[in-house]
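Letter by letter, the chains look like this.
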Amino acid sequence: MTVIISDESKEKWGSALEKELLQSGTQVVHFIANAINVEPCTSCGSCGGKTFGRCVIQDDMQTVLPKIVTCRALVLVSPAVFGGVSRHIKKVMDRMMPIADPRYRVSDGEMIKGMRNQKMLYHMIGFGDKLSEAERAAFISLHKENCIIMNVKGRAFILDSNSKTDAIKKIANEVSYE
Amino acid sequence: MNKSEILHMSNNKTDTMNNSNILLLCASPRRKGTSAMLLERIRSVANGGELLFLPQKGSLDEIAQAMQNAQTIVISGPCYINTYPARLIELLERASSMGGFSNQKLYGIINGGMPYIHTHRHGLTSLQLFAEQNSLSWQGGFVLGVGAMLDGQPLEKHIRRKKIAPAFDQFIQHIKKGTSVPDSLYEQAQVPPGKIVTYLFSKLLTVMVEKRIKNHGYNVNEPNWY
């Protein structure tokens, strides 16, 4: 099962990807980040102690987290905002701490953490109008850093507003798994 | 003092000193954490600056306006999932759509738990892109690793205090003078730990974390709640 979390306030690439994946027979759960109700993380620390593994804020993340923790692949789709993701997508990302592995391990000489869903594939699609080289590089580096600390594999893609639906077909192929 | 001045001074969200037109913006939901502590340090050394906390709910127009009114802006925040928290991104998006900036100097500070610069650096990259796209003048920033452990204690308690405290104080001097800061300032103060320290540190932290979880009555090896 693939979870898509997309910011569709400007363009609807998440829905386009969902359509392609469904056609290829993949099970998809799609959350539209700018439409669901997600509060910012308050850094209360409860998910690391008092209510280990569980967020105490009662909002739509209680529906999203169970899907992420059991999915085969997670795809975040966001306009590239200052070289990163939009506020809608970042709110969801910030609230993923309850399903991070709290322990530390060493990989490639560095300390990292990991996710409870250890085999999860993690992809990001960024899009925008005439993105500069610096913006693209920054977006890709954010995805790379996420993969390192979460100990997951995945790909980052950049879509131009000139991109045609062919591009999303290609991405659907790349993020599909056997 | 007239009534509006008295109200402004007694508002426990803001604290104006010396009118030096430096805006110190804390992007953390914690009032007494590391992000706030670093701004307090700047305020006492730079002998001024208005300290504001990013409200976690509601309109950000007031803060965006305060950014436009300042000559120098310093944003200090924690690193969540390799970059700044969502609420700060929201402020930057809002400020960007309001427009009206004219070359304000922007400095950024990001602090995170991991002892690696690369883990947290994206926050500063974002601020630089925001500045470039909105006619602010990016002056550089400071990445602080192993900052979460401090949890608001002064820099003199940092695990790398001998190098970090002087380096951060040099950073403050740049803010006072309005000069740009090279990345090397914070890079040279935080060389990544070697293999043995890395291994020991990871074991120690894991033991501490497992103990904390056990003390709350949970078993980290059990399936996740969700």
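Residues numbered from 1 in each chain as written. Chains lettered and ligands numbered in written order. Predicted model: local features only at pLDDT ≥ 70, side-chain atom pairs only at ≥ 80, totals over all residues. Heavy atoms only, no water.

### Let's talk about the pattern of salt bridges
Residue and element names in this part refer to chain A.
And then number 1: A full pass over the atoms with the stated rule returns 18 salt bridges over all chains.
And then number 2: The residue D94 makes a salt bridge to K90 at a minimum N-O spacing of 2.6 Å. One end of the pair, D94, and the other, K90, are both in helix 3 (residues 87–94), four residues apart, so they sit about a helical turn from each other.
And then number 3: Using a relative accessible area of 0% as the deciding quantity, one classes K90 as buried.
And then number 4: A salt bridge links D160 to R136, with the nearest nitrogen and oxygen atoms 2.9 Å apart. Remark: R136 occurs in helix 4 (residues 133–150) and D160 occurs in strand 7 (residues 156–160); sequence separation between them is 24 residues. (Salt bridge = Lys/Arg side-chain N within 4 Å of Asp/Glu carboxyl O. Helix = DSSP H or I, 4+ residues; strand = E, 2+ residues; numbered from the N terminus. Buried < 20%, exposed > 50% of the residue type's maximum accessible area, 1.4 Å probe, protein only.)

### Overview of the sheet that holds strand 7 of chain A
Residues and elements named next belong to chain A.
And then number 1: Ordered in space as 2-1-3-6-7, the five strands form an open sheet in which the pairing is parallel. In the strand order of this sheet, the two ends are held by strand 2 (28–32) and strand 7, each with one partner. Across the sheet, the mean angle from the axis of one strand to that of its neighbour is 15°, orientation sign disregarded.
And then number 2: With five bridges joining them, strand 6 (residues 121–128) and strand 7 adopt parallel strand pairing. (Pairing = 2+ DSSP bridges. Axes fitted to C-alpha atoms, helices over the stretch in contact; angles between N-to-C directions.)

### Quick word on the confidence of the model for chain B
And then number 1: Counting all residues, the mean pLDDT for chain B is 90, and 91% of those residues have values of 70 or more.
And then number 2: Across the predicted assembly, pTM comes out at 0.92 and ipTM at 0.96. (pLDDT = per-residue confidence, 0-100.)

### Describing the interface of chain B and chain A
And then number 1: With 47 residues of chain B in contact, the opposing surface of chain A contributes 50 residues.
And then number 2: Buried surface at the junction of chain B and chain A, summed over both partners, amounts to about 4,300 Å²; 63% is from carbon and sulfur atoms.
And then number 3: Area buried by chain B at its contact with chain A is led by I81, M114 and Y226 of chain B, which between them contribute 19% of it.
And then number 4: The interface formed by chain B and chain A contains three salt bridges.
And then number 5: In this structure, the salt-bridge partner of E93 of chain B is R87 of chain A, at a minimum N-O distance of 2.3 Å.
And then number 6: Linking chain B with chain A are 24 residue pairs in polar contact (both at pLDDT 80 or more), by the criterion used here.
And then number 7: Looking at the side of chain B that touches chain A, the elements with two or more residues in it are helix 4 (86–98), helix 5 (117–120), helix 6 (122–133) and helix 9 (195–215) of chain B.
And then number 8: For the side of chain B that touches chain A, the element with the most residues is helix 9 of chain B, which contributes ten residues. (Contact = heavy atoms within 4.5 Å. Buried area = accessible area lost by both parts, 1.4 Å probe. Polar contact = N/O pair within 3.5 Å; in protein donor to acceptor, adjacent residues only side chain to side chain.)

### Remarks on helix 3 (residues 61–69) of chain B
And then number 1: Of all the residues in helix 3 of chain B, the buried ones are I63, A64, A66, M67 and Q68 of chain B.
And then number 2: Contacts made by the buried residues of helix 3 of chain B are with strand 1 (22–26), strand 2 (50–53), strand 3 (72–78), helix 4 and helix 6 of chain B.

### Remarks on the packing of aromatic side chains
And then number 1: Scanning the model with the defined rule gives eight aromatic pairs over all chains in all.
And then number 2: When the ring of Y107 of chain B is compared with that of F171 of chain B, the centres are 6.1 Å apart and the planes differ by 85°; the resulting orientation is edge-to-face. Residue Y107 of chain B is found in strand 4 (residues 105–111), and its partner F171 of chain B is found in helix 7 (residues 161–177); the two are separated by 64 residues along the sequence. The pair Y107 of chain B / F171 of chain B is uniform in exposure class, with both members buried.
And then number 3: Here F142 of chain B and F168 of chain B contribute two aromatic rings whose centre-to-centre distance is 5.1 Å and whose plane-to-plane angle is 80°, an arrangement assigned as edge-to-face. With F142 of chain B in strand 5 (residues 137–144) and F168 of chain B in helix 7, this pair connects stretches of sequence that are 26 residues apart.
And then number 4: Among the aromatic side chains, those forming a connected cluster through ring pairs are Y107, F142, F168, F171 and Y186 of chain B.
And then number 5: For K113 of chain A, the ring lying beneath its charged end belongs to Y104 of chain A, and the centroid distance is 3.8 Å. (Phe/Tyr/Trp six-rings, centres within 6.5 Å; stacked < 30°, edge-to-face > 60°. Lys NZ or Arg CZ within 6 Å of the ring centre and 35° of its normal.)

### Brief notes about the side chain of E135 of chain A
And then number 1: Within the secondary structure, E135 of chain A is located in helix 4.
And then number 2: Notably, E135 of chain A is buried but unbridged: the nearest opposite-charge side chain belongs to R136 of chain A, and the N-O separation is 7.4 Å.
And then number 3: Contact partners of E135 of chain A, with chain neighbours within four places excluded, come to G83 and K130 of chain A together with L129 and Q133 of chain B. (Lys, Arg positive; Asp, Glu negative; His and termini not counted.)

### Points about the sheet that holds strand 5 of chain B
Residue and element names in this part refer to chain B.
And then number 1: The sheet built from five strands is open, its strands ordered 2-1-3-4-5 with parallel pairing. Looking at strand neighbours, the two that pair on one side only are strand 2 and strand 5, the edges of this open sheet. Adjacent strand axes in the sheet meet at a mean angle of 15° when their direction is disregarded.
And then number 2: Note: strand 4 against strand 5, seven bridges, orientation parallel.

### Structural notes on helix 4 of chain A
And then number 1: Between the first and last C-alpha of helix 4 of chain A there are 26 Å, a value that for 18 residues agrees with the 26 Å anticipated at 1.5 Å per step.
And then number 2: When helix 4 of chain A is considered as a whole, its buried residues turn out to be E135, A138, F139, L142, H143, E145, N146, C147, I149 and M150 of chain A.
And then number 3: Structurally, helix 4 of chain A contributes buried residues whose contacts are with helix 3, strand 5 (110–112), strand 6 and strand 7 of chain A together with helix 5 and helix 6 of chain B.
And then number 4: Phi for N151 of chain A, located one or two positions after helix 4 of chain A, is positive at around 60°. (Expected span 1.5 Å × (residues − 1).)

### Considering unusual backbone geometry
Residue and element names in this part refer to chain B.
And then number 1: With a phi close to 70°, N82 is a non-glycine residue in the positive phi region.
And then number 2: Along the chain, N82 falls in the loop between strand 3 and helix 4.
And then number 3: The phi torsion at D151 lies on the positive side, around 45°, for a residue other than glycine.
And then number 4: Among the residues examined, D151 registers a relative accessible area of 42% and is labelled partly exposed.

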